[in-house]
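So you can see what is in the structure, the chains are spelled out below.
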Amino acid sequence: MQFQNVKTRVVRTVTESIVGADAGSKRSAEQSCLSLIEACNSLPRFSQLHARIIKLGLRNNPLVLTKFAAVSSELGVIDYASSFVFSMDADSSLYDAFLFNTFIRAYAHTSNLKEKALFVYNSMFGYGISPNKFTYPFVLKACAGLGNLGLGKAVHGSTVKFGFDDDVHVRNTMIHMYCCCGSAIEDARNLFDEMHKCDSVSWSAMIGGYVRLGLSTDAVDVFRKMQIAGVRPDEITMVSVLSACTDLGALELGKWVESYVDKEGIQRSVELCNALIDMFAKCGDVDKALKLFRRMRERTIVSWTSVIVGLAMHGRGLEAVSLFEEMIESGMTPDNVAFIGLLSACSHSGLVDKGRGYFSLMTEDYDIAPKIEHYGCMVDMLCRAGLVKEAVEFIQKMPFEPNSIILRTLVNACRAHGELKLGESISRSLISNEPMHESNYVLLSNIYAKMSHWEKKTKVREMMDKKGMKKIPGSTMIELDSEIYEFVAGDKSHKQYKEIYEMVEEMRREMKRAGHVPSTSEVMLDIDEEDKEDALNRHSEKLAIAFALLNTPPGTPIRIVKNLRVCSDCHSATKFISKIYHREIVVRDRNRFHHFKDGLCSCKDFW
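So, here is what we can say about the structure in this document. (Residues numbered from 1 in each chain as written. Predicted model: local features only at pLDDT ≥ 70, side-chain atom pairs only at ≥ 80, totals over all residues. Heavy atoms only, no water.)

The subject of this paragraph is the side chain of Ser404. Here Ser404 shows up in helix α23 (residues 404–416). Ser404 sits in the buried class, given a relative accessible area of 16%. Residues contacting Ser404, with those up to four places away along its chain left out, are Leu430 and Glu434. (Helix = DSSP H or I, 4+ residues; strand = E, 2+ residues; numbered from the N terminus. Buried < 20%, exposed > 50% of the residue type's maximum accessible area, 1.4 Å probe, protein only. Contact = heavy atoms within 4.5 Å.)

Turning our attention to the pairing of strand β4 (residues 585–588). The alternating pattern of β4 places Ile585 and Val587 on one face and Val586 and Arg588 on the opposite face, and all of these are buried. In this structure, strand β3 (residues 558–562) lies alongside β4, joined through 4 bridges in parallel fashion. Within β4, the residue paired with Arg559 across the bridge is Val586. With respect to chirality, the unit in which β3 leads through helix α30 (residues 568–580) into the neighbouring parallel β4 is right-handed. In this structure, β4 lies alongside strand β5 (residues 593–597), joined through 4 bridges in antiparallel fashion. What sits directly across from Val586, in β5, is His595. Between β4 and β5, which pair antiparallel one after the other, the connecting turn spans 4 residues. (Pairing = 2+ DSSP bridges. Right-handed = clockwise from strand over helix to strand, strands pointing away.)

Among the secondary structure elements, Ser347 is positioned in helix α19 (residues 336–348). Since its relative accessible area comes to 1%, Ser347 is described here as buried. Sequence separation between Ser347 and Leu444 is 97 residues, and the spatial gap between their C-alpha atoms is 25 Å. When near neighbours in sequence (up to four residues on either side) are disregarded, Ser347 contacts Cys377, Asp380, Met381 and Arg384.

Rendered as structure tokens:
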């Protein structure tokens, strides 16, 4: 009996030592493999890692597989990892939520495989694994990237079912998802308003959502509420707020945002600096944008491109060209976006020969195949310079069919330079190809008005009415005392409208005395000349300028933002107003900036 007990103890000891040695060996193998995963930074190493996992018998180790999946995501081979981890011979009993979350997150971050994030999410349930609160932010991000509201709502329902809908991180991503699904911005706002406690991410998601949809006034309003709530914004919030300022042309608000960033000690990351540069450039102070750019210790291609585009918009083409050359000398390789900015600069400043040269340089020196946007810049450049026939020849030699933007650019040039029959033909073709695009009808209508074919013009307008289309009304915004005011043609909604119209009438008299002749050809109505002059005086630009003259001290600059291209009469009139009232007037229209001073404009009529 005693011998039997000793024998049992010996067997147990030997067995435990063998098991312990085996466990130690497995731990050693696991640690070795995790070290290899940590150092894996290339596809050849990744293939070696895959082989090593199999050789060490770790193909069912959850921790190793999860790390393996994370590395595959960084190297852009998540599908490869997925086929290995979820293969037919894998031991699915070892799968857990953490492993699935890793794959969902990886697919959600891809540009073209976001649908697979939803597939992996649905697969979890097939394996009997329940999602956790970390699952849903990744799934919702994939829905946001797809812009699929139906999927997003279904996932929202699942968060409620599993009790994660009140988690702040889940709720934040849900707000982001609804913001990315266009028409669901109100759903996002309702979720946001229902939150008991919002963090800076919640506020940033809502602000960013409004900015993406062009609802910048709402974005600024939410930011102001954020300040009242006492929530400290981060750099992501400030980038979105600066984007809103850029969209609105709200320079004073943008300046305040810059001082707020400094006051709150918010880190000026490269992205935030780029947003500041873009804001100043597009809100009319390109010199400040250039100054900020010069102070940057680290510059990206976005930094350079933002300033080049800014200079282009302000008609400072030679400076844009000079900065582009400086960028090359600094060792920064231009990309296709930089060339779009450069060609735009040549277009806005009438630098036709330089534009032709840089267009050739793209392919010859940098092996960048011109995209439709580059061809569009070239057509725009030729059209602005009045070279309509050369623009037509250029389009005919393009390696692909011109898009509607290029053709509409050509139609506007035809109207401006008297090629009315060609403009009519192209407009009709545009309507045939895009029967529900209202701007095509407006172009044809304007061509007929220029030709004084009023009956044909009326028929075009009737066609628009039948299809339920309406011309986008011209509007002009102006920032005054941190408030944004918007005017439309003939606007009488402002409480000062009587004084504004009295000022408009004073402006008309003073301009007439100074020699201004109204460009009544801009009025697309079959009415007499006096009525046409009256219609021109009610344009939104003139109302905004009159409002500014009434409400700002003499001699101070006036800055306005027009949603459409400024018409030739308002352009001419603003030259006279700048001289008569001794004001610098900065106008940002859909295409560029116009700096009016002492009766001259920076665009030199290349607008």
